[in-house]
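Observations on chain architecture
So you can see what is in the structure, the chains are spelled out below.
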Amino acid sequence: MKTILVADDSATARMVIIRCLECVGLQGRSFLEAVNGKEALEKIRVTHVDLLITDINMPVMDGRSLLLGVKSSPKINHIPVFVVTSLGNPAMEIELKRIGAEKVIHKPISPDKLMIALEDFFGKDFASDSQPRFP
Amino acid sequence: MTFEGLAFEEVVFEETISPPFPEIPEPIHSIIQVDTPTVGELGILLSRQLILQFTESIHGIPMEEIPADLVNDNLNELLNTLAGRILSGKLAENRLYSLGLPRSGTGSFPQISNPVRYLKFLVGENFLIIALPERFWTPDTWK
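Computed from a predicted structure; not experimentally measured. (Residues numbered from 1 in each chain as written. Chains lettered and ligands numbered in written order. Predicted model: local features only at pLDDT ≥ 70, side-chain atom pairs only at ≥ 80, totals over all residues. Heavy atoms only, no water.)

Considerations on the interface of chain A and chain B
Spelled out, the test is: A contact between two residues is defined here by any heavy atoms of the two lying within 4.5 Å. Buried area is calculated as the accessible area (1.4 Å probe) missing from two parts once they are joined, with the contributions of both summed. Salt bridges are defined by distance alone: a side-chain nitrogen of Lys or Arg within 4 Å of a carboxyl oxygen of Asp or Glu. Two N or O atoms form a polar contact when they lie within 3.5 Å of each other; inside protein one atom must be a possible hydrogen donor and the other a possible acceptor, and for residues adjacent in sequence the pair counts only when both atoms belong to side chains. In DSSP terms, a helix is any run of H or I states spanning at least four residues, a strand is any run of E spanning at least two, and both are numbered starting from the N terminus. Three categories are distinguished: nonpolar for Ala, Val, Leu, Ile, Met, Phe, Trp, Tyr, Cys and Pro, charged for Asp, Glu, Lys and Arg, and polar for the others, with Gly belonging to the last.
At the interface, 22 residues of chain A touch 23 residues of chain B. Summed over both sides, the interface of chain A with chain B buries roughly 1800 Å², with 54% coming from carbon and sulfur. Sorting the residues of chain A by area buried against chain B places T12, N57 and S86 of chain A first, and these three jointly supply 28% of that buried surface. For the pair chain A and chain B, the interface holds one salt bridge. Residue K107 of chain A is joined to E77 of chain B by a salt bridge in which the shortest nitrogen-to-oxygen separation is 2.7 Å. Counting across the chain A and chain B interface gives eleven residue pairs in polar contact (both at pLDDT 80 or more). The dominant element in the side of chain A that touches chain B, judged by the number of residues it contributes, is helix 1 (residues 11-26) of chain A, at six residues. Split into classes, the residues belonging to the side of chain A that touches chain B amount to eleven nonpolar, six polar and five charged.

Concerning the packing of aromatic side chains
In this description, an aromatic ring pair is defined by two values, namely the gap between the centres and the angle between the planes. Residue and element names in this part refer to chain A. Stated precisely, the cut-off is as follows: When two rings of Phe, Tyr or Trp (its six-membered ring) have centres within 6.5 Å they constitute a pair, described as stacked for plane angles under 30 degrees, edge-to-face for angles over 60, and tilted for the intermediate range. Three labels apply to residues, based on accessible area from a 1.4 Å probe with only protein chains included: buried if under 20% of the type maximum, exposed if over 50%, partly exposed otherwise in between.
With the rule as written, the count across this model stands at eight aromatic pairs over all chains. Look at F82 and F121: their rings are 5.9 Å apart centre to centre, the planes differ by 90 degrees, and that puts the pair in the edge-to-face class. Residue F82 is located in strand 4 (residues 81-85), and its partner F121 is located in helix 5 (residues 111-122); the two are separated by 39 residues in the primary sequence. The exposure class assigned to F121 is buried, which follows from its relative accessible area of 14%. Among the aromatic residues, ring-to-ring pairing joins F82, F121 and F122 into one connected group.

Section: the sheet that holds strand 4 of chain A
Residues and elements named next belong to chain A. We count it as follows: Following DSSP output, two strands are said to pair if at least two bridges run between them. Between the N-to-C directions of two axes lies an angle of 0 to 180 degrees, each axis being a line fitted to C-alpha atoms and, for a helix, fitted only over the stretch in contact.
Spatial strand order, 2-1-3-4-5: five strands in an open sheet with parallel pairing. The open sheet is flanked by strand 2 (30-34) and strand 5 (103-106), the only strands paired with a single partner. When the angles between neighbouring strand axes are averaged without regard to direction, this sheet yields 20 degrees. Bridge count between strand 4 and strand 5: four bridges; the pairing is parallel. Each bridged residue has a counterpart across the sheet, and for F82 the counterpart in strand 5 is K103. Along the sheet, helix 4 (residues 90-98) contacts strand 4 and strand 5; its crossing angle with strand 5, the most-contacted strand, is approximately 150 degrees.

What about the pattern of salt bridges?
Residues and elements named next belong to chain A. Using the criterion set out here, one finds 15 salt bridges over all chains in the structure. Put simply, E39 and K43 hold a salt bridge, and the shortest N to O gap is 3.5 Å. One end of the pair is E39 and the other is K43, both in helix 2 (residues 37-46) and four residues apart, which spans about a single turn. In this structure, D120 engages K103 in a salt bridge whose closest nitrogen and oxygen atoms are separated by 2.1 Å. Of this pair, D120 sits in helix 5 while K103 sits in strand 5, placing them 17 residues apart in sequence.

So, to be careful, I would describe these as geometric facts and stop short of saying anything about function.
See below:
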């Protein structure tokens with residue numbers, strides 16, 4: 001089972017992201033949810049996660065710190081991180097990619113935006129269970 | 001305006017207004033601070049019925065079953081997304097920015113710490129009010 005962790009302090013945003021993932025062919029995956037970066041890191045440390053999708057603007061630990069935490073840890077830095085954020089201008093996107101984000105998707109999220117990011121990173125067969133870049 | 005993409009509703013700018021505002025039944029608001037650049041607080045004010053309508057559209061839950069915390073969450077997310085989109089459109093491409101966390105509450109706008117301009121938008125037969133900092137219209141803010 002492929003596991004996707006969605007970190008966002010908004011229940012609405014988490015629901016929309018998961019619904020979009022299901023819309024683009026990832027229904028049946030295991031979706032984990034976290035309300036901030038700290039909770040996301042705790043889940044990543046005890047659960048196998050294949051893809052992390054995170055917001056930036058969160059209480060307790062924001063998405064930037066979560067991204068840095070994931071990418072600075074040899075045990076989990078292989079996990080692809082897609083950032084979904086309303087904070088989307090070119091400077092922000094460059095900064096997030098510099099610190100390790102594989103993809104930056106601007107809110108409001110849509111299935112189309114998510115599909116483009118998934119295909120671009122994982123290839124057209126991203127929904128396949130044999131997808132090699134989905135660990 | 002990005003509300004159509006957020007809440008599947010057509011939203012049309014009507015006019016700039018000043019308090020006292022037209023009566024809003026069961027008003028609910030959310031405020032967010034723009035930390036960088038120093039723009040100030042911006043906010044949204046609308047009726048509980050209208051945010052319930054948005055929440056029903058987004059979540060697919062009948063209005064009468066929507067819990068209060070989900071209404072506030074949806075309103076905050078709406079404002080957060082709107083603020084990000086507004087700033088992205090105004091800022092120079094090489095300029096980083098940051099937002100605080102949105103805070104929602106019942107009633108009209110609380111005291112906003114900076115001068116603001118109030119914009120009224122029509123949503124069908126309802127309306128909502130967006131408070132934008134006066135600094136928003138100052139070109140130096142965005143350099």
